[in-house]
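# Architecture at a glance
The primary structure of each chain is shown beneath.
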Amino acid sequence: MDYHHRTIEQKWQRFWADNHTFRVTNTSDKPKYYVLDMFPYPSGAGLHVGHPLGYIASDIFSRYKRLKGFNVLHPMGYDSFGLPAEQYAIQTGQHPAVTTEANIKRYREQLDNIGFSFDWDREVRTSDPAFYKWTQWIFMQLFNAWYNKANDKAEPIATLVAHFELHGSRGIQAASDDDVLSFTAAEWAAFSEEEQQRELLKYRLAYLRESTVNWCAALGTVLANDEVINGVSERGGYPVEQKKMMQWSMRITAYAERLLRGLETIDWPEPLVEMQRNWIGKSVGASVRFGVPILGDGRYIEVFTTRVDTIYGVNALVLAPEHELVEALTTGSQQAEVEAYIAQTKKKSELDRMADVKAVSGAFTGSHAIHPLTGKEVPIWIADYVLAGYGTGAVMAVPSGDQRDYLFATHFGLPIIPISDAQQLDGQADPTKEGRYINSDIINGMTYREAVDTLIEKLESLGAGKATINYRMRDAIFGRQRYWGEPVPVYFKGGLPQLIDEDELPLLLPDVDKYLPTETGEPPLGRAKDWKYRGTFEYELSTMPGWAGSSWYWYRYMDAQNEAVFASKEAIDYWRDVDLYIGGSEHATGHLLYSRFWNKFLKDMGYVPEEEPFKKLINQGMIQGRSNFVYRVLDGEGKGTNTFVSYGLKDQYRTVALHVDVNIVTNDVLNLDKFRRFRPDFADAEFILENGKYICGHEVEKMSKSKYNVVNPDDIIEQYGADTLRMYEMFLGPLEQSKPWNTNGIEGVYKFLRKFWKLFHDASGNFAVSDDAPTRAELKALHKIIKKVEEDIERFSFNTSVSSFMICVNELTDLKCNKRAILQELCVVLHPYAPHITEELWTLLGHEPGTLSYATYPAFNPEYLVESEFSYPISVNGKTRMNLTLPLDMEQPDVEKAVLANEDVQRYLEGKAVRKVIYVKGRIVNIVAG
């Protein structure tokens, strides 16, 4: 019987599905292990061979952990809300749910084809009302919570109300808006219901306020920072501008310190951890108040600085163009210039503004502030390198100590004041903390540490500043002006947000006639007819952002069918957290940060036991495309002809390189007939060949349709099988590294599997396994691979295992091994990598179908790796002639006898007398003759 991969693989995929082989229970005597993949967005294009890389790795690990005696949860679902489906709906008029369902069906077929051991009974979809009911419910808990800094945790808003009723605002330590009121208990009681709710909104963890957002008019929605690239939308490349809008936000900044601390407790890649640290951006410094006479009433501009020691070098205050005081500060003579500059800034994203360190721009407001220590006037400017959301949206410019400030000062001719005797201001700022201060009044002659302490004490005594900690991270915008997302479970009464009742969840998406904003600029939900809460009150028309459902989905997998709660306490207490999470590093400052925030909140409220959701995380690398090129010959005018020249001859002609479909190229050799059918204009193509073949050029690029280098896994599976695909993707290189896809090498893996199959069959193809006792050499080969694979999988080094499997099978083939004791154990070891072929052979060995997934991984016995023999190189007069295998425990006299008695050795001696035998145990035998 030959190895027919498609028949075998389809058989076992049906068996696993029909028998729910990988269904897992929430109770077990086995230790638990939770393996999770970042779930995919189901696009219409389906999977290409780069997508399953992480899934294959997680599946190998899951199958291995089952063999090691763990109760493994390995689920899969779909992050199925999103902008692409909505854009398609806008273009075609088809409801996003229809295209999403079709895309999911396609994804499921492709995933099943690869043979993953997912527990499909736990599948989730973020766009399923049974799922997003609980996303809405978590939002409601966030709305009804505040962050108590005194207890360093979130608490129900009722505890804040109780404090206000007893003590007013006195003693409250809360994460809140800056403009909270100060009031007594009596004053609180005297507030109207509307006034109380308006004040509470300043404390809630989910709140509504005016925010500066990335507005994309062409898409009709707000975009997250990571959805904006170089000032345009990632999807479609449309212009994006900064705009102020009433937006829902999440007070993630309340958790900044805990998010930082938690990074010390998890096993994540250091580059990813560092990205989160930088995004959170903790800075220890001081806040300083600069009085502004033009504003009157003792009002001031507050700045945050990490270098209060440089305060005497301030030559200007620089505000973000969006700063709330800009309009009040702008004088009549400067108004046109300031307004023009603000309009120009709106065209840039915040990321662009942070990244552009060379361009210098700004506008003078016409107003001045008063330096709190010198009393001198300081001009107030605006510039796009200052961001409204970082710190206070204002900085004190110190050109002698900061390069951006230095460039700003030199560009606009502002004074540059040296403040340290160690500074070398030769064309650039010098941020040194060495030396002693000069031109700095009360800190002249002091060191850095002395100066900081002295200045903070002075500022605090004047009521002009204090020591403080600042974070770069901003609260997360939690609204999108689009259709295909979770409705926010809120209605408005008297202009204030109110939650719907919990028993009214889920709040379903209403039907609309179009998926575009209304003619008056409202989000698409504004098109829904008669969509009002209890027929009276307006619903929130924004939907939740794409990251909402993915910020808690791993808990739903624990108890996916539960209608009463998002997951039962028993299920959560059993699974607790994710032991291994595999996904892309592009989610470092989006999904992974928001997930940690929501998890900490759920813990604060007593719903989950763990502070961190993901114990260990691995970022898989990218499988890049390997593009192929043909070379079109150009005529004298530089126009393309109908002739194509092979790669090795192209330098003899004037040519232009064109991408060609990699699926019609084999080992860089072009299929000429398929090429003529590739594009209608190539139907009559002529070819200049080399050695009778057309050789294509190649280059490693990102996989994309436009480069014709997308390889469909279905095609690979049809030709070579899913087991080959799984092993080959691992064989390409270390999991964490990016590597090019090259189908040229896949034949070797396919041949390996055929060779493995032949170990179990005789020359006629009949199943033939012997019950004879294995030899020591066979046991050595087996136990080498048992040890190697266990070590490799535990450290996620899957590529080296594949190489070792090939070596092992070659060794067993050379040994003509067909022993059940060896092959049965080898089946178990190979199973995580190649589950279909091993399932088939397992049943041929006489086991019940489906039992291999829950077999026991073989125990490694080091005794079989202890060498008892050695193949000695035998030299005659210093020249190696042959090898002779002898026991390692043989004494020298016996070694000499055995060597000299060997017929081949005697032939090499040619009758010469043996004068001496040099013997080095376990190394060499050298015979000196003459």
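Residues numbered from 1 in each chain as written. Predicted model: local features only at pLDDT ≥ 70, side-chain atom pairs only at ≥ 80, totals over all residues. Heavy atoms only, no water.

The next subject is unusual backbone geometry. Here Leu505 and Pro506 are connected by a cis peptide whose omega angle stands at 0 degrees. Notably, Asn439 is not glycine yet its phi reads approximately 50 degrees, a positive angle. Within the element layout of this structure, Asn439 appears in the loop between helix H14 (403–412) and helix H15 (448–462). In this structure Asn439 comes out as partly exposed when scored by relative accessible area, which is 45%. (Helix = DSSP H or I, 4+ residues; strand = E, 2+ residues; numbered from the N terminus. Buried < 20%, exposed > 50% of the residue type's maximum accessible area, 1.4 Å probe, protein only.)

The end-to-end C-alpha distance of helix H19 (residues 591–604), which contains 14 residues, comes to 20 Å, matching closely the 20 Å that a straight helix rising 1.5 Å per residue would cover. Along H19, 13 of the 14 residues are buried, which leaves the element largely enclosed by surrounding structure. After H19 finishes, the residue Gly606 shows a positive phi value of roughly 85 degrees. (Expected span 1.5 Å × (residues − 1).)

Describing an aromatic ring pair means giving the distance of the ring centres and the angle of the ring planes. Taken as a whole and judged by the stated rule, the model has 72 aromatic pairs. Ring plane angle 75 degrees and centroid distance 5.3 Å describe the contact between Phe756 and Phe760, whose orientation is recorded as edge-to-face. Using a relative accessible area of 0% as the deciding quantity, one classes Phe756 as buried. With a centroid separation of 6.2 Å and an interplanar angle of 70 degrees, the aromatic rings of Phe796 and Phe798 are classed as edge-to-face. What makes Phe796 buried here is its relative accessible area of 7%. Residue class for Phe798 comes out buried when judged on its relative accessible area of 2%. (Phe/Tyr/Trp six-rings, centres within 6.5 Å; stacked < 30°, edge-to-face > 60°.)

On to the nonpolar core. Core analysis: the largest hydrophobic core is formed by 180 residues, its most contacted members being Phe139, Met250, Met727, Trp741, Phe756 and Tyr833. Broken down by element, the residue count for this core peaks at nine residues, all from helix H5 (residues 129–143). Beyond its immediate stretch of four places on either side in the chain, Phe139 contacts Ala206, Trp248, Met250, Phe478, Val488, Pro489, Val490, Leu499 and Met544. (Core = buried A, V, L, I, M, F, W, Y, C linked by side-chain atoms within 4.5 Å. Contact = heavy atoms within 4.5 Å.)

Moving on, we get to the packing of helix H24 (residues 776–794) against helix H26 (residues 820–830). Packing of H24 against H26 leaves a shortest axis separation of 10 Å and a crossing angle of 15 degrees. Relative to H26, the element H24 is oriented roughly parallel. Remark: the crossing between H24 and H26 carries left-handed chirality. Residue-level inspection shows Glu778, Leu779, Leu782, Ile785, Ile786 and Val789 of H24 in contact with H26, the latter providing Ala821, Ile822, Glu825, Leu826 and Val829. Looking at the contact of H24 with H26 residue by residue, the class counts come to nine nonpolar, no polar and two charged. (Axes fitted to C-alpha atoms, helices over the stretch in contact; angles between N-to-C directions. Parallel < 35°, antiparallel > 145°, perpendicular 65-115°, else oblique. Left-handed = near helix turned anticlockwise from the far one by under 90°. Nonpolar A, V, L, I, M, F, W, Y, C, P; charged D, E, K, R; others polar.)

The topology assignment puts Asp604 in helix H19. A polar contact is formed between the side chain of Asp604 and the side chain of Arg258, at a distance of 2.9 Å. Not counting chain neighbours up to four residues away, the residues in contact with Asp604 comprise Tyr147, Lys153, Ala154, Tyr255 and Arg258. (Polar contact = N/O pair within 3.5 Å; in protein donor to acceptor, adjacent residues only side chain to side chain.)

Taken together, four strands build an open sheet; the order of strands is S33-S32-S35-S34 and the sheet is mixed. Since the sheet does not close on itself, it has two edges, and those belong to strand S33 (879–887) and strand S34 (914–920), each with one partner. Averaged over all adjacent pairs, the angle separating strand axes in this sheet is 20 degrees, with direction ignored. In terms of strand pairing, strand S32 (residues 869–876) meets S33 through eight bridges, oriented antiparallel. From the neighbouring strand, Ile874 faces S33, where its bridge partner is Met882. Sitting on the sheet, helix H28 (residues 892–901) touches S32, S33, S34 and strand S35 (924–929), and the angle it makes with S34 is about 120 degrees. (Pairing = 2+ DSSP bridges.)

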